[in-house]
Amino acid sequence: MAEIAVLLVLKKIAIALAGETLSFAKPLLAKKSELVAALPVDMKLISTELELIRAFLKEIGRKGWKSEVIETWIGQVRRLAYDMEDNVDHFIYVVGKHNEIGSWWDYMKKIAKKPQRLFSLDEIAGEIKRIKQELKQLSESRDRWTKPLDGGTDIPAGSYETEKEIYLPGHDYSISDEELVGIDKNKQTLISSLTFEDPSLRIIAVWGMGGIGKSTLVNNVYKNEGSNFDCRAWVSISQSYELEDIWKKMLTDLVGKEFDPGTMDSAELRVKLINSLDKKRYLIILDDVWMADVLFRIKEVLVDNGLGSRVIITTRIEEVASIAEDSCKIKVEPLGDHDSWHVFCRKAFPKVENHICPPELHQCGINIVEKCDGLPLALVAIGSILSLRPKNVDEWKLFYDQLIWELHSNENLNHVEKIINLSYKYLPDYLKNCFLYCAMFPEDYLIHRKRLIRLWIAEGFIEQNGTCSLEDIAESYLRELVRRSMLHVAQKNSFGRIKCIQMHDLVRE
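Residues numbered from 1 in each chain as written. Predicted model: local features only at pLDDT ≥ 70, side-chain atom pairs only at ≥ 80, totals over all residues. Heavy atoms only, no water.

(A) Structural view of the overall build of the chain. When its secondary structure is counted, the chain shows 24 helices and eight strands. In the chain, which comprises 509 residues, the proportion classed as buried is 49%. Put simply, 73% of the contacts in the chain that link residues at least 6 apart link residues at least 24 apart. Entry remark: accessible area of the chain is about 24800 Å², with carbon and sulfur atoms responsible for 51%. (Helix = DSSP H or I, 4+ residues; strand = E, 2+ residues; numbered from the N terminus. Buried < 20%, exposed > 50% of the residue type's maximum accessible area, 1.4 Å probe, protein only. Contact = heavy atoms within 4.5 Å. Areas by Shrake-Rupley, 256 points an atom, 1.4 Å probe, with all protein chains shown as cover.)

(B) Spatial organisation of a negative patch on the surface. A surface patch of negative charge is lined by E242, E244, D245, D265 and E268. Relative to the helices and strands, D265 is located in the loop between α11 (243-255) and α12 (266-277). Of the residues examined, D265 reaches a relative accessible area of 39% and is grouped as partly exposed. (Patch = residues over 30% accessible without salt bridge, like charges linked within 9 Å, V, L, I, M, F, W, Y side chains within 5 Å. Salt bridge = Lys/Arg side-chain N within 4 Å of Asp/Glu carboxyl O. Lys, Arg positive; Asp, Glu negative; His and termini not counted. Charge placed at Lys NZ, Arg CZ, Asp CG, Glu CD.)

(C) Representation of the pattern of salt bridges within the structure. Within the structure shown, the criterion is met by 23 salt bridges. Put simply, D83, E127, R130 and E134 are held in one network by salt bridges that share partners.

(D) Local environment of the environment of I74. By the secondary structure assignment, I74 is in helix α5 (residues 68-97). The spatial distance from the C-alpha of I74 to the C-alpha of L57 is 8.0 Å, given a sequence separation of 17 residues. Here I74 is in contact with A2, L57 and I60, once residues within four sequence places are set aside.

(E) Examining α11 more closely. Compared with an ideal rise of 1.5 Å per residue, which puts 13 residues at 18 Å, α11 spans 18 Å between its outermost C-alpha atoms and is within 8% of the ideal. Tucked inside the fold, the buried residues of α11 contact β2 (231-236), α12, β3 (282-289) and α13 (292-298). Among the residues trailing α11, G256 stands out with phi positive, at a value near 130°. (Expected span 1.5 Å × (residues − 1).)

(F) Summary view of the sheet that holds strand β7 (residues 488-492). The strand order β6-β8-β7 describes an open sheet built from three strands, whose pairing is antiparallel. Either end of the sheet is taken by a strand with one partner, and the two such strands are β6 (447-448) and β7. Bridge analysis of β7 against strand β8 (residues 498-502) gives four bridges, and the strand direction is antiparallel. Counterpart to H488 in the pairing with β8 is Q502. Where helix α23 (residues 470-483) meets the sheet, its contacts fall on β7 and β8, and the angle it forms with β8 comes to roughly 50°. (Pairing = 2+ DSSP bridges. Axes fitted to C-alpha atoms, helices over the stretch in contact; angles between N-to-C directions.)

(G) Inspection of the pairing of β3 at higher detail. With respect to burial, β3 is a largely interior element, eight of its eight residues being buried. Note that β3 and strand β4 (residues 310-315) share five bridges and pair parallel. Bridged to I284 within β4 is V311. Tracing the backbone out of β3, into α13 and back to the parallel element β4 gives a crossover that is right-handed. (Right-handed = clockwise from strand over helix to strand, strands pointing away.)

(H) Inspection of the pairing of β4 at higher detail. Of all six residues in β4, six are buried, a share of seventy percent or more. Neither face of β4 is left uncovered, since the one carrying R310, I312 and T314 and the one carrying V311, I313 and T315 both have all their residues buried. In the sheet, strand β1 (residues 202-207) pairs with β4 via six bridges, with the strands oriented parallel. Paired with R202 across the bridge in β4 is R310.

(I) Broad picture of the environment of D394. Here D394 lies in helix α18 (residues 393-401). Sequence separation between D394 and C364 is 30 residues, and the spatial gap between their C-alpha atoms is 9.6 Å.

Take a look at the structure:
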């Protein structure tokens, strides 16, 4: 979140230092003290330092550094970024107020938040100077306190398996048939897509938010139906994928563990894969795909040999799922109340006959299940933890009251948070502030599209692109967040346009 706060203030400083703004500001600054006249230079110096800090924040995010020192330092950066944003807003507003010239002033009012009280340029200059000094001290303290952490846990950019072990500890797709609840329709649709008589190669997409059970569903079908194919492979993809690594994993699964791709280059791997698939009916699972680009590149080796081969992809992003035909797209939705309760009780009371919840725990159990909002990953993880806790009301009420803390701190539960956070981690910068802003609305609140768009624009989150209006750009941001399964559509109007959206409870927390 600090990274996004820094990004936003960098954009605001760029606007404040833009040619048109400065042309209006120069006559005003020339009449003031030396400190005020130095405002543009000071803001430029602050911008330069913030760019380096943002790069550092991105680096520690990629490397997965975790420590109290780092967290404290990031908190200080965030507070300073907010202070700077407020002062840049004051500066833009004061300059614009003294030069109320038609559309230019209207545009500036959209960019800058109106101060609660109108600061003078002298006050703004004093604050900017203070921030510049504190920023310098922050940079010095970073070097002083984070040097010992340089040997921290690193996540190699191209190693998804390493990343997966760190972000998804203990995650297991292997769930027995009787434990699969509420997915009968999707499971049958997926099986039908595999056994459909069309002999041409078919790509099937299973998509939905993180933790919704996409990989669990596909793995179950993969185990039960895989024997109907001559060969099969399961490959985990990521944002930081390497095509050669994907092809090597596919070959190892398809040809057998004894096969060693060794030092084969891309061309050799491509030929070997095409030859291996040419005369066989194959099933390939591409799990956790984030970009359509990877599918277009992998398709080079997917031979359409007329034998009824199938490729299944799982993804959180609708745009990626769109590579499949509409009849082969399966959206996995949250579980309903009845199925959610059933999944939770199976895990919370594994030794009780028929997994029945004791009457005294019923209401507390319902409260916990409601907080999970139909997310199978959370229901299974929380139910499993509660199966080990004393079965009394006080214990369960305490767990519910500190549920979010448990998800963040309990090593047996924090993989739920990390799986959900992966979606946020891979959001483009221009969407992060818009997404975080939605968490300001109350739980289960229906957020109206028009109101949200206006609020985003008022906060300065929307950038002008070409000749499109800010309203149109904001709406495209909203649609993209929906396509990425970060927000879900609660209502549509009579024209099929988004009317209201909601944020999943756990995502919001």
